[in-house]
Amino acid sequence: MDGSAIPFGYDVENKALVVHAGEAAAIRTIFAEYLAFGSVRQLSAQLDALGVVSKRRTNRHGRVSGGASFSRGALYNILRNPIYIGKVRHKEELYEGLHDAIIDDATWQMAQAQLADHGGKKIRSVRRLAKRLLDGVLFDSKGRAMRTTYANKSVRRDGTPRTKRYWYCATRVPGSKDGTWVERLSADEIERVVLNGLKKRLANTSWLADQIRAHKRNATKVADILQAIERRSVDADKSGDDALVPIFAIIIDRIDAKADRLRISVNLAGMLEPDAADNPTLAAFEIPFQRRQNGRTKPIIITAENAPQQDPGLIALVADARRWVNELLLGKASSVQQITEREGLRSGTVSRILPLARLAPDISRAILEGRQPPQLSSKTLRSLPELPLDWVKQRQILGFAHH
């Protein structure tokens, strides 16, 4: 370590960064709450309610500083700092660090995409590019072409209404008179599954070589294509997954969303220019997935089997419970009724949600990381008749494996 300030979330031991457990928990809370609220202004207020404060530092004279509320600028710096995914930035390029990560890559990418979407510093993000990635190549279970569109949803936070936009793929334009059955898929989710699947396949050199050799006339291109993929992978290691998205848009030939799997066809010769279209090297693979309906009118969410899947509504529900309990304990709210009226909720809603602040730590962590059971949603959690204090019984009721 040089003489620069020690980043929040870490300590220094033997000139190396080591994770500070308490501050690391705060970092995870910052990212989770930002993804739930979608606003740094609201994130700042939420952290104040939760009692999350900046790093406390003691100088050589014994003077203590820090331990105060986070400014919005400080929160932007934390949310954009790649140190929390185990990387360091040097001259606009990212390199693997020698320290442990505090958050996972998926959470980081979601935060960067949300920052870009909400008018922050210009950031090249997978999500912004991926909204157009599958246009013209995605087909539903009946072979019908799907197009990307969006819908707006009104949500309320801290008593203030705001509009949230979500993207989805559909078999026809909203408002169309076409009476045929419409299939909807969450654009962000299906794009994430496709991108992760392609990354894994392109990292499998044995599979790649077999696919290329199967095209006898293109067998001599094995080395060239593998070298091209390796160069792209190096670019991705330095610049993040953004470097892979443009080439993915070139090599994807067709994606069929079957009932329980995605069939992805690619043209590996797209790694080479300019004759890919005239002399294609086609390959295909499948990704098993699960469909989960999140509300009657929302698009179906696609998740790869056994893949973590963060549920913003579920995370927000637990966050609300913790925030409201802290407000009551600290005297920032005088009663449950006051919170109910401020949030514009129905009578009894806050009382039903408050017990969620007592969830077992491993359950809360699993929800934050997207490892909750498939059947657990904000609706099922909110409608529980009673949440036992015993953590073992909580795991049984909510469908978690034995701890």
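This one's a predicted model, so the numbers in the text were calculated from it and none came from an experiment.

Draft legend 1. Looking closely at the overall build of the chain. Looking only at helices and strands, one finds 15 helices and 14 strands in the chain. Taken over 403 residues, the chain has a buried fraction of 44%. Counting only carbon and sulfur atoms, one obtains 49% of the accessible surface of the chain, whose full area is about 21,500 Å².

Draft legend 2. Examining helix H1 (residues 21-37) more closely. Here H1 is 17 residues long and its end C-alpha atoms lie 24 Å apart, about the 24 Å a rise of 1.5 Å per residue gives. Most of H1 sits inside the fold, with 13 of its 17 residues counted as buried.

Draft legend 3. Main features of the pattern of salt bridges. In this structure the tally under the stated criterion is 13 salt bridges. Residues Arg261 and Glu286 are paired through a salt bridge, measuring 3.2 Å at the closest nitrogen-oxygen approach. Taken together, the residues Arg261 in strand E12 (residues 261-267) and Glu286 in strand E13 (residues 282-293) connect sequence positions 25 residues apart. Among the residues examined, Arg261 registers a relative accessible area of 30% and is labelled partly exposed.

Draft legend 4. Molecular detail of the packing of helix H2 (residues 40-50) against helix H3 (residues 72-80). Interaxial distance between H2 and H3 falls to 10 Å at its minimum, and their mutual angle equals 105 degrees. When the axis of H2 is compared with that of H3, the two are roughly perpendicular. Where H2 approaches H3, its residues Val40, Arg41, Leu43, Ser44 and Leu47 are matched on the opposing element by Arg72, Leu75, Tyr76 and Leu79. Of the residues belonging to the contact of H2 with H3, the class tally is 6 nonpolar, 1 polar and 2 charged.

Draft legend 5. Spatial organisation of the nonpolar core. Counting 36 residues, the largest nonpolar core has Leu134, Val194 and Leu262 as its most contacted members. At the level of secondary structure, the elements contributing two or more residues to this core comprise helix H6 (187-202), helix H7 (205-213), helix H8 (222-239), helix H9 (245-251), strand E11 (252-257), E12 and E13. Considering each element in turn, this core owes the most residues, 7 residues, to H6. With 27 residues, the next largest nonpolar core counts Leu35, Leu43, Leu75 and Leu115 among its residues.

Draft legend 6. Region of interest: unusual backbone geometry. Phi is positive for Asn14, which is not a glycine, with a value near 55 degrees. In this model, Lys15 sits at a positive phi of 65 degrees, which is unusual for a non-glycine residue. Mapped onto the fold, Lys15 is located in the loop between strand E1 (10-13) and strand E2 (16-19).

Draft legend 7. Fine view of the environment of Phe248. Along the polypeptide, Phe248 turns up in helix H9. Under the relative-accessibility criterion, Phe248 is labelled buried at 1%. Along the backbone, Phe248 and Leu198 are 50 residues apart, and their C-alpha atoms lie at a distance of 7.9 Å. When sequence neighbours within four positions are dropped, the list of residues in contact with Phe248 reads Leu133, Leu195, Leu198, Lys199 and Leu202.

Draft legend 8. Quick peek at the environment of Lys379. Its place among the elements puts Lys379 in helix H14 (residues 378-382). Classification of Lys379 by relative accessible area gives exposed; the value is 64%.

Draft legend 9. Representation of the confidence of the model for the chain within the structure. The pLDDT averaged across the chain works out to 76; a share of 74% of its residues lies at or above 70. Within the model, the stretch residues 119-131 combines pLDDT values under 50 with 33 contacts to residues more than four positions away or in other chains.

Draft legend 10. How the structure looks around the environment of Trp324. On the secondary structure map, Trp324 appears in helix H10 (residues 312-330). By relative accessible area, Trp324 is classed as buried at 1%. Residues Trp324 and Ala49, spaced 275 residues apart in sequence, show a C-alpha to C-alpha distance of 8.1 Å. Residues within four places of Trp324 in sequence aside, it is in contact with Ile339, Arg342, Glu343, Leu345, Val350, Ile353 and Leu354.

Draft legend 11. Seen up close, the packing of H1 against H3. Viewed as axis vectors pointing N to C, H1 and H3 meet at an angle of 95 degrees, and their least axial separation amounts to 11 Å. Put simply, H1 runs roughly perpendicular to H3. Two secondary-structure elements touch here, H1 through Ile27, Ile30, Phe31 and Tyr34 and H3 through Leu75, Ile78 and Leu79. When grouped by side-chain class, the residues that make up the contact of H1 with H3 number 7 nonpolar, no polar and no charged.

Draft legend 12. Molecular detail of the pairing of E2. Here 4 bridges tie E1 to E2, and the two strands are oriented antiparallel to one another. Within the sheet, the bridge partner assigned to Tyr10 lies in E2 and is Val19. From the end of E1 to the start of E2, which pair antiparallel, there are 2 residues, and Asn14 there has a positive phi angle of about 55 degrees.

Draft legend 13. Broad picture of the packing of aromatic side chains. Under the counting rule described, the total for this entry stands at 4 aromatic pairs. Aromatic side chains Tyr10 and Tyr84 sit 6.2 Å apart centroid to centroid with 20 degrees between the ring planes, which places their arrangement in the stacked category. Of this pair, Tyr10 sits in strand E1 while Tyr84 is found in the loop between H3 and strand E5 (87-90), placing the two residues 74 residues apart along the sequence. Each member of the pair, Tyr10 as well as Tyr84, carries the same accessibility label: buried. Through pairs of rings, three or more aromatic residues link up here, namely Tyr10, Phe31 and Tyr84. In this structure, Arg201 packs its charged tip against the face of Trp207, placed 5.1 Å from the ring centre. The cationic tip of Arg254 hangs over the ring face of Phe139; the distance from NZ or CZ to the ring centre is 3.7 Å.

About the criteria used
Within each chain, residues carry numbers counting from 1 in the order of the written sequence. Given that the model is predicted, a residue must reach a pLDDT of at least 70 before its local features are reported, and side-chain atom pairs must reach 80 or more before they are shown or counted; all residues, however, enter totals for whole chains, interfaces and linings. Heavy atoms from the whole structure form the basis of all side-chain values; hydrogens and water molecules are not counted. By the criteria applied, helices consist of DSSP H or I runs no shorter than four residues and strands consist of E runs no shorter than two, each listed in order from the N terminus. Here's how the labels work: a residue is buried when its accessible area is under 20% of the maximum for its type, exposed when over 50%, partly exposed in between, all with a 1.4 Å probe on protein chains only. For accessible areas, the Shrake-Rupley method is used with a probe of radius 1.4 Å. Any residue's cover is judged against the shown protein chains and nothing else. Here the expected span of a helix is defined as 1.5 Å times the quantity of residues minus one. A carboxyl oxygen of Asp or Glu within 4 Å of a side-chain nitrogen of Lys or Arg is what we treat as a salt bridge. Axis lines are fitted to C-alpha atoms, over the contacting stretch for helices. Their N-to-C directions set the angle, which ranges from 0 to 180 degrees. Orientation categories follow fixed angle ranges, with anything under 35 degrees roughly parallel, anything over 145 roughly antiparallel, 65 to 115 roughly perpendicular, and all other angles oblique. Between two residues, a contact is recorded if the distance between any of their heavy atoms is within 4.5 Å. By the convention adopted, Pro, Cys, Tyr, Trp, Phe, Met, Ile, Leu, Val and Ala count as nonpolar, Lys, Arg, Asp and Glu as charged, and the other residues, Gly among them, as polar. Joining through side-chain atoms within 4.5 Å is the link that ties buried Ala, Val, Leu, Ile, Met, Phe, Trp, Tyr and Cys residues into a set, and such a set is a nonpolar core. Predictor confidence is given residue by residue as pLDDT, running from a minimum of 0 to a maximum of 100. What makes two strands pair is DSSP finding at least two bridges between them. For Phe, Tyr and Trp, where Trp contributes only its six-membered ring, two rings pair if their centres lie within 6.5 Å, and the inter-plane angle classes them as stacked under 30 degrees, edge-to-face over 60, or tilted in between. Charges are assigned to positions over rings by a cutoff of 6 Å between ring centre and Lys NZ or Arg CZ, combined with an angular limit of 35 degrees from the ring normal.

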